[in-house]
Amino acid sequence: MMELSRTDHPEMLNVDVHSMISPTCLKPGISSKEMIGKKVHVRIDYIKPASDGYPERQCATVTISDINIAEALISKGLATCLRHRQDDDQRSSAYDELLAAENRAQKNAKGLHSNKEAPVHRIADLSGDVSKSRQFLPFLQRAGRSTAVVEFCASGSRFRLYLPKETCLLTFLLAGISCPRMKAFTPSGTQISEDEPMGSEAFRFSKEMALQREVEVQVDSIDKGGNFIGWVFVDNVNVSLALVENGLAKMHFTAERSAYFKELEMAENKAKAKKIGVWKDFVEEVKETTVVIEDTERKTNYKKVIVTEITSGATFWAQTLDNASQFEQMQQQLRQDLTDNPPLPGSLTPRRGDLVAAVFDVDNLWYRARIEKIEKDKVHALFVDYGNRDVVNATKLASLPAQFVTYPAQAREYTLACVKVPNDEEHVYELMQSFAKEAINREFSLNTEYKIGGQEFVTLSNPESKQDIGSVLISNGVLLAEKRREKRLQKLISEYNQAQERARKNRVNLWRYGDFTEDDAPEFGA
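Residues numbered from 1 in each chain as written. Predicted model: local features only at pLDDT ≥ 70, side-chain atom pairs only at ≥ 80, totals over all residues. Heavy atoms only, no water.

### Some points on the environment of Ser221
Structurally, the position occupied by Ser221 is in strand S16 (residues 214-222). Look at Ser221 and you get partly exposed, because its relative accessible area is 28%. Between the C-alpha atom of Ser221 and that of Arg134, which follows or precedes it by 87 residues, the distance is 9.2 Å. (Helix = DSSP H or I, 4+ residues; strand = E, 2+ residues; numbered from the N terminus. Buried < 20%, exposed > 50% of the residue type's maximum accessible area, 1.4 Å probe, protein only.)

Shown next as structure tokens:
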């Protein structure tokens, strides 16, 4: 594919760089990085009619920055010049220069003119070989992101990749999406799929974005046919996400287990709203409006948790204890894998949003962490299974093996319900100290009371004494009761108000100088 430089509106054109023969056993003399996506000048020298089963072909001289590509290849001994009769008008307009380039390559013994044996490149072709693919799978999963070159695009979500470091060829399917198909045939000519709406557009999009480009791939798994499934990144752009954003693919339910689920979900919602691509005729389901009668009884559905981190005011992180044993096994396996196959310090290039393995300085052990910010060699990381944050040296990060990426984060962020955090920074610090003393690393029964913007507001109670942690903090004078109107919460709010009255009478902490809330009265200009 060549982009014509002589038009105001670039178009894509298939051309043959002619009057030369390039052996398939040699690597190209001009790298794909220098060519792909760049503007070139194309001079159509002649059109070769269809013959011997081949379609009509446009033969051209192609130059980039005044360099004739054919001449450059021939001069390096990576191609030879076709011989034409003197009166043959179907030849390159720069035919004499091509002959001169070949003479120079012969004199200097370049490339195929050299007396040395050509190097043998041994490449493992894993396409369709299930047993070989299974052997390579653990290695590619542990590698995290690997560099690859897209050799061929079969559809919008199916590629043939060459991995130079691993010296292997494989078929790669994009994870997390369902991409419309194109009409396809077997080598024998049997049709195996029909054209689906936007299938050709998805294919064209992926081809223009990735074909012959150097990409990064992250392998998750393989299918029963030995095809690898995972994520492809072009200049750090997730191709699955790009297809969904442009309405050329739908999110697949398997994406829910991936680290990119939220991004894919948001991208799909935007595409639906714009009604583009596969969502062109999308009609949002109209939900029947029903009159909701407010519950007068408070609903309780307790789950066992352990508080792991206090972040700000009444907000905290907690782990559920339902799958504690499985989580502990996962964490031990992660550490064992990284001990058996220790990563090279500094081998990982940190990227914001990536889920990685990180060493926590306090105990010098590996944990799962998400990168939030990068400052030179210092990385701000959130340890997703505990909720604590730390600044980690980039040399103490490693690629997270794929089998640990899909395991759900063990900790979630919550906020205490029906309470109000004081405004003064000193008082907030006292609250966090008291909250940590009462709750950190202790088991509680957690109940979700309401949600605001996706954030769960909860109550925590001691599973044995049934004592409410919110009531305890209010009694200690470090937290205030909030005024809410929900009928179902009035009993809880009444208990909190009683605890607040006790703190006020005892003049503890916030109340040590009397009733400070009087300063908020209208006569004081509040």
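After presenting the structure, the write-up continues.
### What to know about the side chain of His84
Within the element layout of this structure, His84 appears in the loop between strand S8 (80-81) and helix H3 (95-107). Within the structure, His84 has its side chain in polar contact with the side chain of Asp88 (distance 3.2 Å). (Polar contact = N/O pair within 3.5 Å; in protein donor to acceptor, adjacent residues only side chain to side chain.)

### Section: helix H8 (residues 324-340)
Taking 1.5 Å of rise per residue, the 17 residues of H8 would be expected to cover 24 Å, and the 24 Å separating its terminal C-alpha atoms lies within 8% of that figure. For H8, the set of buried residues is Phe327, Met330, Gln331, Leu334, Arg335, Asp337 and Leu338. Buried residues of H8, seen end-on, are gathered within an arc of 160° and therefore sit on one face of the element. Exposed positions of H8 whose direction lies more than 90 degrees from the buried face are Gln329, Thr339 and Asp340. Buried residues along H8 sit against strand S21 (315-320), strand S22 (355-360), strand S23 (365-375) and helix H9 (402-405). (Expected span 1.5 Å × (residues − 1). Arc of directions from axis to C-beta. Contact = heavy atoms within 4.5 Å.)

### As for the environment of Arg43
Structurally, Arg43 can be placed in strand S5 (residues 41-48). The sequence separation of Arg43 and Ala60 amounts to 17 residues, and the corresponding C-alpha distance is 5.3 Å. Discounting chain neighbours no more than four positions away, the residues touching Arg43 are Cys59, Ala60, Thr61 and Ser93.

### Observations concerning the packing of aromatic side chains
Inspection of every chain in the model, using the stated rule, returns 11 aromatic pairs. For the ring pair Tyr450 and Phe457, a centre distance of 5.1 Å and an interplane angle of 15° mean the geometry is stacked. Comparing Tyr450 with Phe457, the two get one shared label, buried. One aromatic cluster is present, built from ring pairs that chain together Phe327, Phe360, Tyr367, Phe383 and Tyr386. (Phe/Tyr/Trp six-rings, centres within 6.5 Å; stacked < 30°, edge-to-face > 60°.)

### Considerations on the confidence of the model for the protein chain
When pLDDT is averaged along the protein chain, the result is 85; 87% of the residues meet or exceed 70. Element-level mean pLDDT values for the protein chain span from 38 in strand S1 (residues 2-3) up to 95 in helix H6 (residues 239-245). This stretch, residues 24-29, has a pLDDT under 50; its non-local contacts, to residues over four places away or in other chains, come to 11 contacts. Between residues 519-526, whose pLDDT stays under 50, and residues either more than four places distant or in other chains, the model counts 5 contacts. (pLDDT = per-residue confidence, 0-100.)

### Looking at the environment of Asp361
Tracing the chain through its elements places Asp361 in the loop between S22 and S23. A C-alpha to C-alpha distance of 9.5 Å links Asp361 and Val391, two positions 30 residues apart in sequence. Non-local contacts of Asp361, meaning those with residues more than four positions away in its chain, are made with Asp390 and Lys396. Side chain to side chain, Asp361 and Lys396 meet in a polar contact 3.0 Å long.

### Comments concerning the sheet that holds strand S30 (residues 455-461)
The strand order around the closed barrel formed by 5 strands is S20-S21-S27-S30-S29, and the pairing between neighbours is mixed. For this sheet, the mean angle separating the axes of adjacent strands, direction not counted, is 50°. Pairing between strand S29 (residues 443-452) and S30: 7 bridges, direction antiparallel. Bridged to Lys451 within S30 is Glu456. Contacts from helix H10 (residues 425-439) reach strand S20 (303-312), S21, strand S27 (411-416), S29 and S30, with the element oriented near 155° to S20. (Pairing = 2+ DSSP bridges. Axes fitted to C-alpha atoms, helices over the stretch in contact; angles between N-to-C directions.)

### Description of the pattern of salt bridges
One pass over the structure, following the stated rule, counts 19 salt bridges. Taking the shortest distance from any N to any O, the salt bridge between Glu102 and Arg83 comes out at 2.6 Å. With Glu102 in helix H3 and Arg83 in the loop between S8 and H3, the pair connects residues that are 19 residues apart, well separated along the chain. A relative accessible area of 3% means that Glu102 is categorised as buried. Judged by its relative accessible area of 55%, Arg83 is exposed. Glu216 is paired through a salt bridge with Arg351; the nearest N and O atoms lie 2.8 Å apart. Residue Glu216 is found in strand S16, and its partner Arg351 is found in the loop between H8 and S22; the two are separated by 135 residues along the sequence. Accessibility classification places Glu216 together with Arg351 in one group, the buried group. (Salt bridge = Lys/Arg side-chain N within 4 Å of Asp/Glu carboxyl O.)

### Description of the pairing of S21
Within S21, 6 of the 6 residues are buried, which leaves the element mostly enclosed by the surrounding structure. Where burial is concerned, the two faces of S21 agree: the one with Thr315, Trp317 and Gln319 and the one with Phe316, Ala318 and Thr320 are both buried. Both S20 and S21 contribute to a ladder of 6 bridges, which runs antiparallel. Residue pairing for S21: Val305 is matched across the bridge by Thr320. In textbook terms, the turn of a hairpin is the stretch between consecutive antiparallel strands, and for S20 and S21 this stretch comprises 2 residues, one of which, Gly313, has a positive phi near 60°. Two strands pair when backbone bridges link them, and S21 and S27 are joined in this way by 5 bridges, in the antiparallel orientation. Paired with Gln319 across the two strands is Ala411, which belongs to S27.

### Some details on the nonpolar core
Counting residues in each nonpolar core, the largest one holds 41 residues, and the members touching the most others are Leu161, Leu170 and Phe228. In this structure Leu170 touches Leu126, Ser127, Leu140, Phe159, Arg160, Leu161, Leu163 and Phe228, once residues within four positions along its chain are discounted. The next biggest cluster of nonpolar side chains, apart from the first, holds 31 residues, and it includes Val419, Leu431, Ala481 and Ile493. (Core = buried A, V, L, I, M, F, W, Y, C linked by side-chain atoms within 4.5 Å.)

### Side note on the pairing of strand S24 (residues 378-382)
Relative to S24, S23 runs antiparallel, the two sharing 5 bridges. Note on S24: the bridge partner recorded for Ile374 is Val379. The hairpin turn running from S23 into S24, its antiparallel successor, is 2 residues long, and Lys376 in that turn takes a positive phi close to 55°. Of the strand pairs in this sheet, S24 and strand S25 (residues 389-393) are connected by 5 bridges, and their pairing is antiparallel. Among the inter-strand pairings, Ala381 is bridged to a residue of S25, identified as Asp390.

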